[in-house]
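The chain contents come next:
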Amino acid sequence: MATLLELTEEFRVEERFLRQGGGETGRARQERLGRLTVRARLDRLLDPDAPFLELGLWAGWGMYEEWGHVPAAGVVTGIGRVSGRPVLVVANDATVKAGAFFPQTVKKVLRAQRIAMSLRIPVIYLVDSSGVFLPLQDEIFPDEDDFGRIFRNNAVMSASGIPQYSAVMGDCVAGGAYLPVLSDKLLMTEGSQMYLAGPTLVKAAIGQTAEPEELGGARMHAEISGTVDFREPDDASCLERLRSLVALLPQERAADWGEAAFGDPEEGRPARPIRDVYDLVPPDGGAEYEAREVLRTLVDAGSLQEYKAEFGPALVTAFARLGGRAVGVVANQGRRVASGTGELHFGGVIYSDSADKGARFVMDCNQMGIPLIFLQDVRGFMVGKRAEQSGIIRSGAKLVNVVSNSTVPKLTVIVGGSFGAGNYALCGKAYDPTLILAWPSARYAVMGAEQAARTLLSLRVRQAEAAGSTPSESEQEAWFEEIRARYAEQTDIRYGAARGWIDAVIPPHHTRAWLLSALSLLPEDRERGTFRTGVLQV
């Protein structure tokens, strides 16, 4: 078994491959057309002294093999800094299937828009896409979380005052043309095309012959249709124009938000070096660790105040500061502990007392108006006669209720396991975290591979016996290994990241920096609704 550090390095090597996009063929095409690649565009757009927090890099990983390699789902999204202002960028990668939208491309863009709405930061779209990937159009087109939702979000963000800039820097075809036109400012480069229907479709639909420039060229849209606000000769001038336009915005957030976080400033450093996590946390959930020591690598030194420290010990709840900002932390304990009644509680398992404590703590953080950080390494809720009689369902429902109704910002980091209803109770993706991050050691599933394989094996054996066959011990073992291997593959965090269940797989030693960056991006004037839980079972 590799160490957590070795596992992290394996992921980083593969991420470097994903960032290459469509490879040499795609890059040669961009060069032939006089266009920059998406990464080169971002290098020119973003401030060079600030980090780029890339989101959804693993989107689509291993999902479209029958159509070829689709790295990062053909679109780059993330939070960076332009002219001193934090922005969210959505940039098509035309080296990947000509920037076509696959189902996970849509999902990735929608998630980026949602994050921008939550943080209330400007959005910059670098458009270079051939439109919907037609062989999969039935998975992209009509539903509430499909392609059209992107344009709905454009309109909603504009109405709520979130600035949006679009630069058409290549193809912008069919329904996709609505995205830039629904933005506040629209730029377009010479040689780009933006139209609802290209020459071939126009000829087929109405019998008219037209040149691409007549239908949707930059000059036509600047001089005749009036759709384009700024016509630029090439990518470089277009990106420089974007920077100058963003510079006109009020500078409401600290200009050094990302730089300070990743620079690990002296002030407010944690009690332990962040790289100690590689020695503290096992990569596979097979060994125990002390959650409080992990917290000491993340929060400001001397700021940790544990809440109900002696009650519900399987869950650690604490007030702390991150970069001087007050937060509430909910973390699964990573080792066996004794409850107040002397009962042995296993790390990563939620018991009735820990669920009650967690619910009370989340309510307290809402009362105080401070953000919540969840560190997940959860196997699920305790089961069995004793647990059921203690009211585990009632206690678990209480925790789910208060997390669901929380009005404070929530940030989630999956350190190890994220199994079953534990994922829900500790603010999984379905519970609206502002960001949900994961370490390479994270695992996602209804239950662990071993338990799932045993459960499914028993069902398969019963089916065989009902059919009049009694499988041998060796047959059962072979079945078990087959099921376990398949299930283990699906618990790999890359499987979940490919489907958009998390925003980013991050190196563990970057956790504090990501959290600091996210906290500094939260709008100071964020409107909070009234915290109410509705009916709670007692």
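Calculation criteria
Residues numbered from 1 in each chain as written. Predicted model: local features only at pLDDT ≥ 70, side-chain atom pairs only at ≥ 80, totals over all residues. Heavy atoms only, no water. Disulfide = S-S within 2.5 Å. Helix = DSSP H or I, 4+ residues; strand = E, 2+ residues; numbered from the N terminus. Buried < 20%, exposed > 50% of the residue type's maximum accessible area, 1.4 Å probe, protein only. 1 Å grid on protein atoms, 1.4 Å probe; cavity = no way out; pocket = protein on both sides within 12 Å on 5 of 7 lines; lining within 4 Å. Points joined across faces, edges and corners; volume = space filled by probe spheres on them. Nonpolar A, V, L, I, M, F, W, Y, C, P; charged D, E, K, R; others polar. Phe/Tyr/Trp six-rings, centres within 6.5 Å; stacked < 30°, edge-to-face > 60°. Lys NZ or Arg CZ within 6 Å of the ring centre and 35° of its normal.

(A) The state of the cysteines, seen in detail. Across all of its chains, the model carries zero disulfides by this definition. This cysteine, C172, is not joined by any disulfide, and C238 carries the nearest cysteine sulfur, 13 Å off. The thiol sulfur of C365 is not disulfide-bonded, and the nearest other cysteine sulfur, from C427, lies at 12 Å.

(B) Representation of the environment of G428 within the structure. Residue placement: G428 occurs in the loop between α17 (420–425) and β18 (435–438). Judged by relative accessible area, G428 falls into the buried class, the value being 0%.

(C) Here's a closer look at the layout of surface pockets. By volume, the largest pocket is sized at about 1,000 Å³. Around the largest pocket, the lining is made up of 40 residues, and of these L110, R111, R114, I115 and D432 lie nearest the centre. Secondary-structure elements contributing two or more residues to the lining of the largest pocket are α4 (103–119), α5 (147–159) and α16 (392–405). Considering each element in turn, the lining of the largest pocket owes the most residues, 10 residues, to α4. In terms of residue class, the lining of the largest pocket is made up of 16 nonpolar, nine polar and 15 charged. Of the pockets and cavities examined, the second largest pocket occupies roughly 760 Å³. Considering the residues around the second largest pocket, the lining is formed by 37 residues, among which P283, D284, G285, F419 and R443 are closest to the centre. Elements supplying a minimum of two residues to the lining of the second largest pocket: α1 (4–18), β15 (372–378), β17 (410–419), α18 (449–466), α19 (473–491) and α20 (493–498). Class assignment of the residues belonging to the lining of the second largest pocket gives a composition of 15 nonpolar, 11 polar and 11 charged.

(D) Unusual backbone geometry, seen in detail. With phi around 50°, S83 is a residue other than glycine that occupies positive phi space. Tracing the sequence through the fold places S83 in the loop between β2 (75–82) and β3 (85–92). On the basis of relative accessible area, S83 is assigned to the buried category, the value being 18%. Its identity as a non-glycine residue notwithstanding, R120 has a phi of 55°, on the positive side. For R120, a relative accessible area of 38% puts it in the partly exposed group.

(E) Just the packing of aromatic side chains, in detail. If you walk through the whole model with that rule in mind, you get 14 aromatic pairs. Summarising the aromatic geometry, the rings of F151 and Y178 are spaced 6.2 Å apart at their centres and angled 55° between planes, so their arrangement reads as tilted. Note that F151 is positioned in helix α5 and Y178 in helix α6 (residues 178–181), a separation of 27 residues in sequence. Taken together, the ring pairs connect Y64, W67, F102 and F133 into an aromatic cluster. Lying over the aromatic face of Y495, R499 brings its terminal NZ or CZ to 3.6 Å of the ring centre.

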